[in-house]
Amino acid sequence: MSGSPARRPAVEDLVDAYRADLVAAGMFAGHPVTSVARMFFTRVGAAGWAQMPLADQCALPLKDRRVVRWLIVTGRLRPSPDYLVACRPCLGEVAAHHHRAFHVRFAETSAGLGFGATVTRLQWSALAKVTALAGLAPDQVTQAVIDEGRQALTAAIGRHHPGSHGPGALSAALFGLQTTLFHLGVLDAAPRKTSPDRSAERAAEWQSAAPLLASTLTGYIAQVRLSLRASTMVRVEGVLREFACWLAASAPEVACVADLRRRHIEAYKLHLAARPSARGGNLSKISLAEHLGALRACFERLTEWDGDDVPAAVLVFSGDLPLRDEPLPRFLDDGAFTKLLQATRADPDPFVRLAVEFLARTGLRKGEFLDLTVDSVVQIGAAYWLHVPLGKLRTDRYIPLHPQLKDLLDAWLAGRPAGLRTPWLFTEHGQRIGEGRVDRAVAKAAQAAGIGHVSPHRLRHTLATQAINRGMSLEAIAALLGHRSMRMTMVYARIANRTVAEEYFAVAGKVEALYDAPKTLPAGAEGAEMRKLRAEMHRRMLGNGYCARPVGLDCHFESICESCAFFQTTIEFRPTLQAQRDDAAGKGQIGRQKVFDGLHARLEETAS
């Protein structure tokens, strides 16, 4: 800015504003400071500084850079993102002085969310930078200003500090900043963690497929997207896109779905079995079944819809899908479960104590646990119940809440910041707690208990197994766990079948009695069976001895002596032979009866 008399009043106005802001901020505003500002406004000015090369801007003496920072913070000068990255003007400290009231509210909100002093300072510094680029005060920031500032600063960091961790640090600071501004009431929505945008990459892959084939498959995706969950559609779209790209590379003759033949499916099956998975190794049986199942469902729906491009024949059969293993749910036995609860209650982290105890006593799925809201606990009569929101099976339910869990929840809510603008029950630093936090909490307690790795879902299996072992009905277990069909609950009956257990232990006692029976009988002991055997043996006496065969044991040589041609008898043995004949008739021994009938006939002939 020139020093002409006509423009001197503008310079003095800036000097007066500079002095007033310094006084309001409690900073020194004497003649040496205002003199430096007047000299800068006269010789350089805001417009002159903006036209200077970046190196010259950074090379200004410190006294002039202080004036520049005031111009930037008060919105009188909009710096470039390269200046903020290369020169690091420490705008956060200056903005904290000149926007004191808003900075105090910001710091109190950030601290209430659990952020430390260093993190709060980094958030404020990021806020000062993005608002400086837009020429706004910190309390005038919007989500669009933050997004634009993020892109500009990230690009500048890449130019001046390539390969550094600067973009990651900036992203973390801005994410925490958005959380603080949301609960402060400046922003309307809380930030959400997002995955890298690969929409352009997906579009390019579809572009590489045959046009008619891609049109048919993407049209199918658009239709089923109206019915299925978004998470399911991610898998379906990925499977069909991969199949279309494979056809473009391996079977370019396929221009549409109608051109597909069984040989293409068989070749694709071999490709899937050989290709590596994202986690290393080959695809599991479950992944193979999901890929082929998605293709089968697609072809069947296209056939049912009877569109312009449909399969010429059945392409995927049920036998193409690998048979899945059906292992029983893994659970903790009573000893391991006791160790886990003891380690949980001794953990200093309140979330670990609450999460493990809650999952173990309610059987909630991990997603259901994290979806609980602050009004999930309701009182019905004298008891407290927990309202479990819509979960995996799109059903909600009420389950009884143990008094100890109610106490844990009350303690957790007592430490909840009062100004949170979120309905979720489990939050940290103003954000919903993620699934990884729950996994780490359970794993930490299991490690402290010395029982190896334990997943949150294993606690659900443990509760169901404990309940069925202690006599809880399958219907009640199904209601507790939120099963839609009893078939889902019956798997736990395979773990603990009370009928099998009772019958097994009843038989086991009888079997053990065989092994524990005494080896010899005491002298004079003779039971009913022994007396029966003795009487039978007496009737079976022979001329030179007797037969020791037990009564209940058949003999292939029944009455071999009496049927022998050399056997002789006389009339005095007639009563004995009659008794033998009657015994054979009573036992239904027809062959033996005929032998004695013959002997009786011979005696009658002899007597006559």
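Preceding this paragraph is the structure being described.
My aim in this report is to walk through the structure given alongside it, one point at a time. Everything numeric in this text was worked out from a predicted model, so none of it was measured.

## Some thoughts on the overall build of the protein chain
So, point 1. Scanning the protein chain from terminus to terminus reveals 28 helices and seven strands.
So, point 2. Taken over 608 residues, the protein chain has a buried fraction of 37%.
So, point 3. Long-range pairs, those at least 24 residues apart, make up 61% of the contacts in the protein chain between residues at least 6 apart in sequence.
So, point 4. Here the protein chain displays about 34,600 Å² of accessible surface, and carbon together with sulfur accounts for 57% of that area.

## Observations regarding empty space enclosed by the protein
So, point 1. Evaluated as defined, the whole model comprises one cavity of 30 Å³ or more.
So, point 2. In this structure, the largest cavity spans a volume of roughly 50 Å³.
So, point 3. Taken together, I72, V73, L91, A95, H99, A128, T131, A132, L136 and P138 make up the lining of the largest cavity.
So, point 4. Mapped onto the lining of the largest cavity, the elements with two or more residues apiece are α5 (62–73), α7 (91–98) and α9 (117–134).
So, point 5. Within the lining of the largest cavity, the residues separate by chemical class into eight nonpolar, two polar and no charged.

## A look at unusual backbone geometry
So, point 1. Not every positive phi belongs to a glycine, and C90 is a case in point at roughly 55°.
So, point 2. Relative to the helices and strands, C90 resides in the loop between α6 (81–87) and α7.
So, point 3. Despite not being glycine, D306 shows a phi value in the positive range, around 55°.
So, point 4. Assignment of secondary structure puts D306 in the loop between α16 (285–305) and α17 (334–345).

## Notes on the pairing of strand β2 (residues 383–388)
So, point 1. Where strand β1 (residues 377–380) lies against β2, four bridges are found, and the strand directions are antiparallel. Bridge pairing links V377 to L386 in β2.
So, point 2. Hairpin connection, β1 to β2: the antiparallel pair is bridged by two residues, and G381 has positive phi, about 70°.
So, point 3. When β2 meets strand β3 (residues 397–400), the two strands line up antiparallel, connected through four bridges. Within β3, the position partnered with H387 by the bridge is Y398.

## Some points on the state of the cysteines
So, point 1. Counting across every chain of the model gives one disulfide.
So, point 2. For C58, the disulfide goes to C87, at an S-S distance of 1.6 Å. Given an S-S torsion of about -70°, the disulfide between C58 and C87 has left-handed geometry. Here C87 lies in helix α6 and C58 lies in helix α4 (residues 54–59), a separation of 29 residues in the sequence.

## Things to note about the packing of aromatic side chains
Each aromatic ring pair is specified by the distance between its two centres and by the angle formed by the two planes.
So, point 1. If you walk through the whole model with that rule in mind, you get 17 aromatic pairs.
So, point 2. Every member of this aromatic cluster is reached through a ring pair, and the members are F351, F358, F369, W412 and F426.
So, point 3. Over the ring of Y384 we find K406, and its NZ or CZ is 4.4 Å from the ring centre.
So, point 4. Above the ring of W424, the side-chain terminus of R432 is found at 3.9 Å from the ring centroid.

## What to know about the sheet that holds β3
Sheet strands pair via backbone hydrogen bonds, and the direction of the pair is either parallel or antiparallel.
So, point 1. Taken together, the three strands give an open sheet; going across it, the order is β1-β2-β3, and neighbouring strands pair in antiparallel fashion. Pairing within the sheet leaves two strands with one partner each, and these edge strands are β1 and β3. In this sheet, neighbouring strand axes are inclined to one another by 40° on average, regardless of whether the strands run parallel or antiparallel.

## Brief notes about the pattern of salt bridges
A pair can form between side chains of opposite charge whenever their charged atoms are brought close.
So, point 1. Using the criterion set out here, one finds 26 salt bridges in the structure.
So, point 2. Residue R159 is joined to D82 by a salt bridge in which the shortest nitrogen-to-oxygen separation is 3.0 Å. With R159 in helix α10 (residues 143–160) and D82 in helix α6, this pair connects stretches of sequence that are 77 residues apart.
So, point 3. One salt-bridge network, held together by shared partners, links R262, E266, K269 and D320.

Calculation rules
- Residues numbered from 1 in each chain as written.
- Predicted model: local features only at pLDDT ≥ 70, side-chain atom pairs only at ≥ 80, totals over all residues.
- Heavy atoms only, no water.
- Helix = DSSP H or I, 4+ residues; strand = E, 2+ residues; numbered from the N terminus.
- Buried < 20%, exposed > 50% of the residue type's maximum accessible area, 1.4 Å probe, protein only.
- Contact = heavy atoms within 4.5 Å.
- Areas by Shrake-Rupley, 256 points an atom, 1.4 Å probe, with all protein chains shown as cover.
- 1 Å grid on protein atoms, 1.4 Å probe; cavity = no way out; pocket = protein on both sides within 12 Å on 5 of 7 lines; lining within 4 Å.
- Points joined across faces, edges and corners; volume = space filled by probe spheres on them.
- Nonpolar A, V, L, I, M, F, W, Y, C, P; charged D, E, K, R; others polar.
- Pairing = 2+ DSSP bridges.
- Disulfide = S-S within 2.5 Å.
- Phe/Tyr/Trp six-rings, centres within 6.5 Å; stacked < 30°, edge-to-face > 60°.
- Lys NZ or Arg CZ within 6 Å of the ring centre and 35° of its normal.
- Axes fitted to C-alpha atoms, helices over the stretch in contact; angles between N-to-C directions.
- Salt bridge = Lys/Arg side-chain N within 4 Å of Asp/Glu carboxyl O.

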